[in-house]
Number of protein chains: 2
Amino acid sequence: MTYVAPVKDMQFLLHQVMAVTGSDIPGYGDLDSGFTGAVLEEAGKLASDVLAPLNAVGDHEGCVLENGVVRTPSGFKAAFDQLRGGGWTALDCAPEFGGQGLPYLMHTVVNEALVSANMAFNMYQGLTHGAYSAVHIHGTDAQKATYLPKLATCEWTGTMNLTEPHCGTDLGLMRTKAEPQADGSYKVTGTKIFISAGDHDMAENIVHLVLAKAPGGGEGTRGISLFIVPKFLVRADGSLGGRNAVSVGKVEEKMGIHGNSTCVMNYDGAEGYLIGELHKGMRAMFTMMNEARLGVGLQGYAVAEAAYQNAVAYAKDRLQGRDITGAQNPTGPADPLIVHPDIRRSLMDQKSFVEGARALTYWGASLIDRSVRLGDQAAEGLITLLIPVIKGFQTDQGFAMAVQAQQVWGGHGYIEDNPASQFVRDARIAMIYEGANGVQALDLVGRKLGQDGGKHVLAFFEMVKKECQAHDGEARMAPFTTALKVASKQMQAAGLYFVQNGVKNPNAALAGSSDFLHLMGHVCMGLMWTRMAKAALTALDAGGDAAFLQAKLATGRYYMARQLPACGLHLARIESGAEPVMALDAAAF
Amino acid sequence: MTYVAPVKDMQFLLHQVMAVTGSDIPGYGDLDSGFTGAVLEEAGKLASDVLAPLNAVGDHEGCVLENGVVRTPSGFKAAFDQLRGGGWTALDCAPEFGGQGLPYLMHTVVNEALVSANMAFNMYQGLTHGAYSAVHIHGTDAQKATYLPKLATCEWTGTMNLTEPHCGTDLGLMRTKAEPQADGSYKVTGTKIFISAGDHDMAENIVHLVLAKAPGGGEGTRGISLFIVPKFLVRADGSLGGRNAVSVGKVEEKMGIHGNSTCVMNYDGAEGYLIGELHKGMRAMFTMMNEARLGVGLQGYAVAEAAYQNAVAYAKDRLQGRDITGAQNPTGPADPLIVHPDIRRSLMDQKSFVEGARALTYWGASLIDRSVRLGDQAAEGLITLLIPVIKGFQTDQGFAMAVQAQQVWGGHGYIEDNPASQFVRDARIAMIYEGANGVQALDLVGRKLGQDGGKHVLAFFEMVKKECQAHDGEARMAPFTTALKVASKQMQAAGLYFVQNGVKNPNAALAGSSDFLHLMGHVCMGLMWTRMAKAALTALDAGGDAAFLQAKLATGRYYMARQLPACGLHLARIESGAEPVMALDAAAF
């Protein structure tokens, strides 16, 4: 595969669109373009030179369970050492625990390059980052001192254990038990499935975060607590002791992300330590959910970016047919694929989605920074609203774009010698894990729209409206604001439909939930493209890089002209209500 | 996997919607419902009991090249013998060559069940059927006598050799050569790739149909001729002689259809025999194209049907969460997935697509029968127009529906122990082979719309309009005719846009080609659902099976309410023209 980190696009967002050094968020002022440029160039080099070459290796070799331990693909361990050695795993971790204290935004931008180059590989540190956050937010001082320095550097890696064979979304059905011991620890017993990075040979220890039911919590999700269960027990001095009673039952054969070991984990009275409050395990998981889901939304477009780059390379190289308006490569046997309008359409779909999603994701990361570093409640409310959209819309669309990229390759895209199939197979999981996209839609429509009396969604509606008004009368902005206005009204009409019909019949709202998620996703893209267009025009007027900025504007106009009208379709579906969806008895399927 | 042939739905189409026994097409009068029911029950049994259990086996084992011969997965040969033994490969072949002389429609309906159960397996006979047709249409009497009885029974199987490493769509670049020999035969030399069923261990001989350039034909596609190149030479008495100079270079590793051997074939001066006219090989291929592409369009929905059936089974079985309007399984730990509106939406998307596509495909097959058996020029023109829609729309949507079916399984859909991933991976190829869907869109907009002065597309427009008018004032038909009218006008507006803009700028038409293909696809679905609704109402009024017929009507109303509005989106994209699509220089990608 080919991969070059789109540093210019990343820098454009950080400095032209988001103007990070002028932000009031602590730490942003230090992110001048020289610094971020240097970091991104280095991250890009690591991604291109070390991670990307291992992407197909991971896919072909997969992970193998040997004598109870998972062996990762050739080269993964050396690359993981390099990732660790460069300090890439601890960019936004706290300096007191060995991190560099950079904003979460910088972690996000760097993470994009690593995910594009090798999604399966990067999951080992992604999960560890999640475990770091859990311990950082909920752990005792002793737990922090023991675990955080090791997790920040990925000397130890982390996992999240929620799903069981009979329950995923509905965690109230959970059977894994935690029995309190005299010494304050717990014995954890149960089977967890789909545990990413559940075991591997790249770290000294693995810190499993396990949801389990401790006595006295009551029925359903109320009885759930969160436990730290290390693979190797940790002695008081921090050194590693004996093997804990946790073992790998199986490594799953999956459609993709073969380089990541997805394990069935068996806990047989394993020693575990309560983290956070007893019986408040679900709440502890929720506090990490925004970051985790933003990270999956990032995977959606980051894999699409890699798929796009490879499709572009193929479309420029492969000679097939002639430009209908006249040969472009008259001395060659045929013109390159990229001359054909339908290939262009496909590449523009991909490009305009990826660039919009990148902007949305970076904005989302900055809202998390604003919420965490400034305690800004409005930012917290807004990002909580946007998270299901970022996760659900970007992974659905990212997958669809990876499929389009594969299509550019024709038959060669179906052959595993080429990279196109892997991007599709890898991208597919992001629609499923960390809350399947139907659950994201339910979260959005069933919970987030009405949260705090609907004030966050109303604030978002207002923000979109103001963005349109801000550029009123600017002819060059008209292709953006005109389309965004229409889409914005359609979004509001959908919201109104839910308000008017959802109370007396919840199914009238839920039947349209996936459509609303996509409608709002397109509006978010439209908002991002409007902001990017304004920034591009400003930079252009100031004598900026015309080729880059004009391409940015043309890509945005494409999105507004050809993708934003999808909002009308989604509204029509929403307004068709529950009846068509719920008309049949279950027996009629 | 679970699979039961939807015989009731098939019978409804044949007898209620198409009224086959009343048709003037020769052979249709014999297809009374007792006969078709018995055939379909038997085909369904073969599909469920023999083919479906081998679907995962084929996927997991794949095809292996051993000592120059491809070994198929365990059980394939025994199943192929059973397929042959039951006469299933020769349903519509000519009685004089061992076939049963049934209409192509019956072949199509039976084929659906076999493809749903095991697409990769069924390709061996599918390709053979194509080779049978080629020899039947273009062969000499001697060639027919030698090859047809063997191909009809699949004692010998067939292949189609078009693609070369450097050319797929653009066959004018072809390098494979055919040198004439003194005895009238040719020596064929070259490399062909992506040859489905290129070699295997299930037949005595393999009849390769190979496109190659013979001297004197000129440049490009004009120089191409079609040759029969048998794996084993055939003696004058029909017995098998020595091995021909054709060998398998490689079996490809693919994303799916692992049970089918996709081969690189090397021809090293292999003995070949001209079939059809010299230098008219492309024309010979074109005469088989309607059947071949209809067969791929069938794969699109047939695999989606299998994916749907398995998703339904999972959605009824898996307990997760509660119906928001009140528990449906109060004594159980949770309700089945199927109570949730977004799961319903997904299953209705799948069901309403599959049933519409089945109707379109059977209608298409009957148009081919009408054209071939009655020489009806209008039917020939209409099916030639519809073929890119049937192929492109149905395979794009079929894949999307298989993805939705996989999504119903949550994380379990990503694990290869379950059938969902295979359906997605298998379905993916149908969008690519037999002319990638972008090429179908180009064929539709660039060639078929204007064919014979546009008379076929105008006839289609008129047919849709008349279907709406025919049910004017029938309240129960209003949900169908109202939506179809709107979509029909949008289709005509798109056509008008092409007429007004495409001549001075062909890119203005081609930039909207994929959108037009999908717009017309939805109109075709709308037309089919309108016909099905009318037939269902008629049957209902006559006291037919109310549960089945009411479900049919509700499924159709779902499609009209929630899918037909996609036509407006496609029109908006088409009318945005070439500029957004073609704005960027190739260097800007």
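Thresholds, definitions, all that
- Residues numbered from 1 in each chain as written.
- Chains lettered and ligands numbered in written order.
- Predicted model: local features only at pLDDT ≥ 70, side-chain atom pairs only at ≥ 80, totals over all residues.
- Heavy atoms only, no water.
- Helix = DSSP H or I, 4+ residues; strand = E, 2+ residues; numbered from the N terminus.
- Rg over C-alpha atoms; globule rule 2.2 N^0.38 Å.
- Contact = heavy atoms within 4.5 Å.
- Areas by Shrake-Rupley, 256 points an atom, 1.4 Å probe, with all protein chains shown as cover.
- Lys, Arg positive; Asp, Glu negative; His and termini not counted.
- Charge placed at Lys NZ, Arg CZ, Asp CG, Glu CD.
- pLDDT = per-residue confidence, 0-100.
- Buried < 20%, exposed > 50% of the residue type's maximum accessible area, 1.4 Å probe, protein only.
- Pairing = 2+ DSSP bridges.
- Least-squares fit on C-alpha atoms with pLDDT ≥ 70 in both.
- Axes fitted to C-alpha atoms, helices over the stretch in contact; angles between N-to-C directions.
- Parallel < 35°, antiparallel > 145°, perpendicular 65-115°, else oblique.
- Left-handed = near helix turned anticlockwise from the far one by under 90°.
- Nonpolar A, V, L, I, M, F, W, Y, C, P; charged D, E, K, R; others polar.
- Buried area = accessible area lost by both parts, 1.4 Å probe.
- Salt bridge = Lys/Arg side-chain N within 4 Å of Asp/Glu carboxyl O.
- Polar contact = N/O pair within 3.5 Å; in protein donor to acceptor, adjacent residues only side chain to side chain.
- Core = buried A, V, L, I, M, F, W, Y, C linked by side-chain atoms within 4.5 Å.
- Phe/Tyr/Trp six-rings, centres within 6.5 Å; stacked < 30°, edge-to-face > 60°.

1. Some thoughts on the overall build of chain A
Along its length, chain A carries 19 helices and 11 strands. The C-alpha radius of gyration of chain A comes to 24 Å, within 12% of the 25 Å expected for a compact globule of 589 residues. If one aligns the C-alpha atoms of chain A with their principal axes, the spans along those axes are about 80 × 60 × 55 Å. Restricting to contacts in chain A with at least 6 residues of sequence separation, those with at least 24 account for 73%. When the accessible surface of chain A is summed, it comes to about 19,500 Å², and 54% of that surface belongs to carbon and sulfur atoms. Of note, chain A has its 48 positive side-chain charges centred 4 Å away from the centre of its 58 negative side-chain charges.

2. Things to note about the confidence of the model for chain A
Note that predicted coordinates carrying low pLDDT should not be read in detail. Summarising the model, chain A shows a mean pLDDT of 97, and 100% of its residues fall at 70 or more. The complex prediction reports pTM at 0.98, with the ipTM value standing at 0.98.

3. Concerning the pairing of strand E6 (residues 205–213) of chain A
Residues and elements named next belong to chain A. Counted residue by residue, E6 has nine buried out of nine residues, so it is predominantly covered. Burial of the side chains of E6 extends over both faces: Asn205, Val207, Leu209, Leu211 and Lys213 are buried on one face and Ile206, His208, Val210 and Ala212 on the other. In the sheet, strand E3 (residues 156–161) pairs with E6 via six bridges, with the strands oriented parallel. Residue pairing across strands places Thr159 opposite His208, the latter belonging to E6. In terms of strand pairing, E6 meets strand E7 (residues 224–230) through seven bridges, oriented antiparallel. Counterpart to Ala212 in the pairing with E7 is Ser225.

4. Here's the deal with the relation of the copies chain A and chain B
In the superposition of chain A on chain B (RMSD 0.0 Å, axial shift 0.0 Å), the rotation amounts to 180 degrees. Such a turn and shift between the copies fits a two-fold axis. For chain A, the smallest separation between a C-alpha atom and the rotation axis is recorded for Leu569 of chain A, amounting to 3.3 Å. The share of interface residues of chain A whose copies in chain B are also at the interface is 100%, consistent with both copies meeting through the same surface.

5. Considering the packing of helix H4 (residues 76–85) of chain B against helix H6 (residues 119–138) of chain B
The description of two packed helices rests on the angle between their axes and on the distance between the axes. Residues and elements named next belong to chain B. Packing of H4 against H6 leaves a shortest axis separation of 11 Å and a crossing angle of 50 degrees. Regarding the angle of H4 to H6, the classification is oblique. Crossing angle aside, the handedness with which H4 passes H6 is right-handed. In this structure, H4 uses Phe76, Ala79, Phe80 and Leu83 to contact H6, whose residues at the interface are Phe121, Tyr124 and Gln125. Split by residue class, the contact of H4 with H6 holds six nonpolar, one polar and no charged.

6. A look at the interface of chain A and chain B
Frequently, the measure chosen for interface size is the accessible area that the parts lose on association. In this complex, chain A contributes 88 residues to the contact, which on the side of chain B involves 88 residues. When residues of chain A are sorted by the area they lose upon contact with chain B, Tyr414, Arg562 and Phe589 of chain A head the list and together hold 13% of the total. There are four salt bridges connecting chain A and chain B. Counting the contacts that link chain A with chain B gives 44 residue pairs in polar contact (both at pLDDT 80 or more).

7. Digging into the pairing of strand E11 (residues 262–275) of chain A
Residues and elements named next belong to chain A. Bridge count between strand E5 (residues 186–196) and E11: nine bridges; the pairing is antiparallel. Within E11, the position partnered with Ser196 by the bridge is Thr262. In terms of strand pairing, E7 meets E11 through three bridges, oriented antiparallel. Counted as the bridge partner of Phe227 is Leu274 from E11. With five bridges joining them, strand E10 (residues 246–251) and E11 adopt antiparallel strand pairing.

8. As for the side chain of Glu164 of chain A
All names here are of chain A. Inspection of the secondary structure puts Glu164 in the loop between E3 and strand E4 (177–180). From its side chain, Glu164 meets the backbone nitrogen of Arg175 in a polar contact 2.8 Å long. Apart from the residues within four sequence positions on either side, Glu164 is in contact with Met174, Arg175, Thr176, Thr191, Lys192 and Ile193.

9. As for the nonpolar core
If you look at soluble globular proteins, the nonpolar side chains tend to sit buried side by side. If you look at the biggest cluster of nonpolar residues, it comprises 407 residues, and the most contacted ones within it are Phe460 of chain A together with Phe460 of chain B. Apart from the residues within four sequence positions on either side, Phe460 of chain B is in contact with Leu382, Leu385, Leu386, Met491, Met520, Val523, Cys524 and Leu527 of chain B.

10. Some remarks on unusual backbone geometry
With a phi close to 60 degrees, Glu434 of chain A is a non-glycine residue in the positive phi region. Glu434 of chain A sits in the partly exposed class, given a relative accessible area of 31%.

11. Some thoughts on the pattern of salt bridges
Two side chains of opposite charge can pair, provided their charged atoms sit close to one another. This structure, assessed with the given rule, holds 68 salt bridges over all chains. The partner of Glu416 of chain A in a salt bridge is Arg425 of chain A, with the nearest N and O atoms 3.0 Å apart. Accessibility assignment for this pair places Glu416 of chain A and Arg425 of chain A in one class, buried. The partner of Asp9 of chain B in a salt bridge is Lys552 of chain B, and the shortest N-O contact between them spans 2.5 Å. One end of the pair, Asp9 of chain B, is in helix H1 (residues 7–17); the other, Lys552 of chain B, is in helix H17 (residues 546–563), and 543 residues separate them in sequence. Asp9 of chain B gets classed as buried once you look at its relative accessible area, which sits at 14%. Connected through salt bridges with shared partners, the residues Asp9, Lys351, Glu355 and Lys552 of chain A form a single ionic network.

12. Description of helix H11 (residues 420–430) of chain A
For H11 of chain A, the buried fraction is high: 11 of the 11 residues fall into the buried class. Taken residue by residue, H11 of chain A has Ala420, Ser421, Gln422, Phe423, Val424, Arg425, Asp426, Ala427, Arg428, Ile429 and Ala430 of chain A as its buried positions.

13. Some details on the packing of aromatic side chains
According to the stated counting rule, one finds 21 aromatic pairs over all chains in the structure shown. Judged by centre distance (6.3 Å) and plane angle (20 degrees), the rings of Phe399 of chain A and Phe399 of chain B are stacked. Of this pair, Phe399 of chain A sits in helix H10 (residues 377–408) while Phe399 of chain B sits in helix H10 (residues 377–408), placing the two residues on different chains. Ring geometry for Phe80 of chain B and Tyr124 of chain B: centres 6.5 Å apart, planes at 75 degrees, overall edge-to-face. You can see Phe80 of chain B sitting in helix H4 and its partner Tyr124 of chain B sitting in helix H6, a full 44 residues away along the chain. Just as Phe80 of chain B is buried, Tyr124 of chain B falls in that class too. Three or more aromatic residues joined by ring pairs make a cluster, and in this case those are Phe76, Phe80, Phe121 and Tyr124 of chain A.

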